[in-house]
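So you can see what is in the structure, the chains are spelled out below.
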Amino acid sequence: MRVEIIKCKKCGKRFELEYIKYPCKMENDRNWDTYYLCPYCNDVTNVMLSSDEDVKISKLECE
């Protein structure tokens, strides 16, 4: 599991982006162009994921 702290380009608030890794890939050598939303302003940003990954978004406690 990998965690990144992201700063929204639109509202400037920081939030946590947690990468979830599943045990097996759905397709080999395939990347997914996926979108996530800022939990504060719902601004859309894209992220490239492997077929065995997903992301979970959460607000930071200190914000």
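Since we're looking at a predicted model, the values are computed, not measured.

Participant: Break down the overall build of the protein for me, with residues and values.
Facilitator: Scanning the protein from N- to C-terminus turns up zero helices and five strands. Classification of the 63 residues of the protein by burial places 25% in the buried group. With the model as given, the accessible surface of the protein reaches about 4,700 Å², and the carbon-plus-sulfur share is 47%.

Participant: Residue-level account of the environment of Arg 2, with values.
Facilitator: Secondary-structure assignment places Arg 2 in strand E1 (residues 2-7). The exposure class of Arg 2 is partly exposed, given its relative accessible area of 43%. As a C-alpha pair, Arg 2 and Lys 21 span 19 residues in sequence and 8.6 Å in three-dimensional space. Sequence-distant contacts of Arg 2, defined by excluding residues within four places in its chain, comprise Leu 17, Glu 18, Tyr 19 and Glu 53.

Parameters at a glance
- Residues numbered from 1 in each chain as written.
- Predicted model: local features only at pLDDT ≥ 70, side-chain atom pairs only at ≥ 80, totals over all residues.
- Heavy atoms only, no water.
- Helix = DSSP H or I, 4+ residues; strand = E, 2+ residues; numbered from the N terminus.
- Buried < 20%, exposed > 50% of the residue type's maximum accessible area, 1.4 Å probe, protein only.
- Areas by Shrake-Rupley, 256 points an atom, 1.4 Å probe, with all protein chains shown as cover.
- Contact = heavy atoms within 4.5 Å.

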